[in-house]
Amino acid sequence: MRKNGFILTSALLTAVFLVITVGCTEDGTTPPDEQIPTYLPNTDESYWIYTYQRYQNNVPLGDPFSVTYTFDGSTVIGNEAVQNFVRAVDGELPYQVFLVQDNETNTYKMFGREYYDGTRGMTDSVYFDPVWFWAEYPFSVGTSWQVVNVTGISPLAIGLPADIDNDGHDDTVDVEVNCSTVVKGDVTTEIGIFTDAYKIRRNLYVTYYLTQGGESKIDFEQYFWFKPEKGTVKMSGDEIGYPNGPHYTFESSLSKYDIKPLPQ
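Everything quoted here is computed from the prediction, not taken from an experiment. Chains are numbered independently. Their residues run from 1 in the order of the written sequence. Where totals are concerned, whole chains, interfaces and linings use all residues; where local detail is concerned, this predicted model gives features only for residues with pLDDT of at least 70, and gives and counts side-chain atom pairs only at 80 or more. In computing side-chain properties, one takes all heavy atoms of the structure into account and sets aside hydrogens as well as water.

(A) A look at the environment of D44. Secondary structure elements are taken from DSSP: a helix is a run of H or I of four residues or more, a strand is a run of E of two residues or more, and numbering for both begins at the N terminus. Within the fold, D44 resides in the segment before β1 (47-56). Partly exposed residues are those whose accessible area sits between 20% and 50% of the maximum for their type, while under 20% is buried and over 50% is exposed, using a 1.4 Å probe and protein chains only. Owing to a relative accessible area of 32%, D44 belongs among the partly exposed residues under this scheme. Distance in space between the C-alpha atoms of D44 and F85 is 9.3 Å, their sequence separation being 41 residues. At a separation of 3.4 Å, a polar atom in the side chain of D44 contacts the main-chain amide nitrogen of D72. Throughout this description, a polar contact denotes any pair of N or O atoms lying within 3.5 Å of each other; where both atoms belong to protein, one of them has to be capable of donating a hydrogen while the other can accept it, and for residues adjacent in sequence the pair is counted only when both atoms sit in side chains.

(B) Molecular detail of unusual backbone geometry. The peptide bond linking D129 to P130 adopts the cis configuration, its omega dihedral lying at 10°. Among the structural elements, P130 can be located in strand β7 (residues 122-136). At E45, a residue that is not glycine, the phi angle is positive and equals roughly 75°. Although it is not a glycine, D196 adopts a positive phi angle of roughly 55°. Along the polypeptide, D196 turns up in strand β10 (residues 192-210).

(C) Up close: the confidence of the model for the protein chain. Across the protein chain, the average pLDDT comes to 88, with 86% of residues at 70 or higher. Low pLDDT, under 50, characterises residues 1-33; the stretch is placed with 141 contacts to residues that sit more than four places away or in other chains. pLDDT gives the predictor's per-residue confidence on a scale running from 0 to 100. Any pair of residues with heavy atoms lying within 4.5 Å of one another is described as a contacting pair.

(D) Quick peek at the packing of aromatic side chains. Ring pairs shown here join Phe, Tyr and Trp side chains whose ring centres sit within 6.5 Å, with only the six-membered ring taken for Trp; geometry is labelled stacked below 30 degrees between planes, edge-to-face above 60, and tilted in between. In the structure shown here, the tally under the stated rule is 17 aromatic pairs. Plain terms: the ring middles of W48 and F85 are 6.0 Å apart, the flat faces sit at 75° to each other, and that makes the pair edge-to-face. Of the two residues, W48 is situated in strand β1 and F85 in strand β4 (residues 80-89); the sequence distance between them amounts to 37 residues. Grouping residues by exposure puts W48 and F85 together as buried. The interplanar angle of 0° and the centroid separation of 5.2 Å between the aromatic rings of Y95 and Y116 together place this pair among those described as stacked. Of this pair, Y95 sits in strand β5 (residues 95-102) while Y116 is found in strand β6 (residues 107-116), placing the two residues 21 residues apart along the sequence.

(E) Local environment of the nonpolar core. Here, nonpolar core refers to any group of buried Ala, Val, Leu, Ile, Met, Phe, Trp, Tyr and Cys residues whose side-chain atoms link them within 4.5 Å. Of all hydrophobic cores here, the largest spans 58 residues; its most connected members are Y108, W132, F139 and V175. By residue number, the principal contributor to this core is β10, which donates 8 residues.

(F) Looking closely at the pattern of salt bridges. Salt-bridge detection follows one rule: a side-chain nitrogen of Lys or Arg within 4 Å of a carboxyl oxygen of Asp or Glu. In this structure the tally under the stated criterion is 3 salt bridges. The partner of E239 in a salt bridge is R54, and the shortest N-O contact between them spans 3.0 Å. With E239 in the loop between β12 (231-238) and β13 (249-258) and R54 in strand β1, the pair connects residues that are 185 residues apart, well separated along the chain. Take R54: its relative accessible area is 19%, and that puts it in the buried class. In this structure, the salt-bridge partner of D117 is R120, at a minimum N-O distance of 2.8 Å. Classification of R120 as exposed rests on a relative accessible area of 67%.

(G) Inspection of the environment of V148 at higher detail. For V148, the location among the structural elements is in strand β8 (residues 144-153). Along the primary structure V148 and F128 are separated by 20 residues, whereas in three dimensions their C-alpha atoms are 9.8 Å apart. When residues no more than four places from it in sequence are discounted, the contact partners of V148 are W132, V175, E176 and V177.

The following block contains the structure:
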């Protein structure tokens, strides 16, 4: 696992963005005298495993597979200390690292993404200027915030190849991301029902500038169900794609998690 630098884990899939979940015993209860994690749990070595199913035209495409997110050490970006939030897909070697920072009060930021192949180290990276305000919390129904509105950045920022049209020249994208909290209620996941979870809508508006494909626009919509002190328990919506490519949707449900207690 990565500690202040490199990591060996399996894998990466396509770009469905971030997650976050309290350390529990096997029966789902909180261990006695354990210090409860923060609103967005982010203690090192905590992990969340999701069962991910892709769809095309509302029909399941392929078998479901597991996606794991793990907090694994820290990195310094500029003068900022950030955490490594690793996304790995079971059975695959590439993986990616989200560089995130939680101020433990009301703001969760993302500073960039790094891509690794598991053998040669980092293969690609993109660092955000300005940083992305991934979440403003605590959540309440009816609130909204803008994650980012930026022009001329690498497609790596949204999980796509830098050279989308594969012509030997990097492409660029304009990206606007807005979030809103639409409802609070119960949600059913693979490991049971979470009560009083917030359903958050994320709208992404992407303009593509391809050296071999010209300019085009695609809008995406995703939903995230977040349970305070436990994190994201379910996700669904559009996968981030590219012009003239296939359109996929997805559903991702929490199947297992382990959140470490806060340091004493």
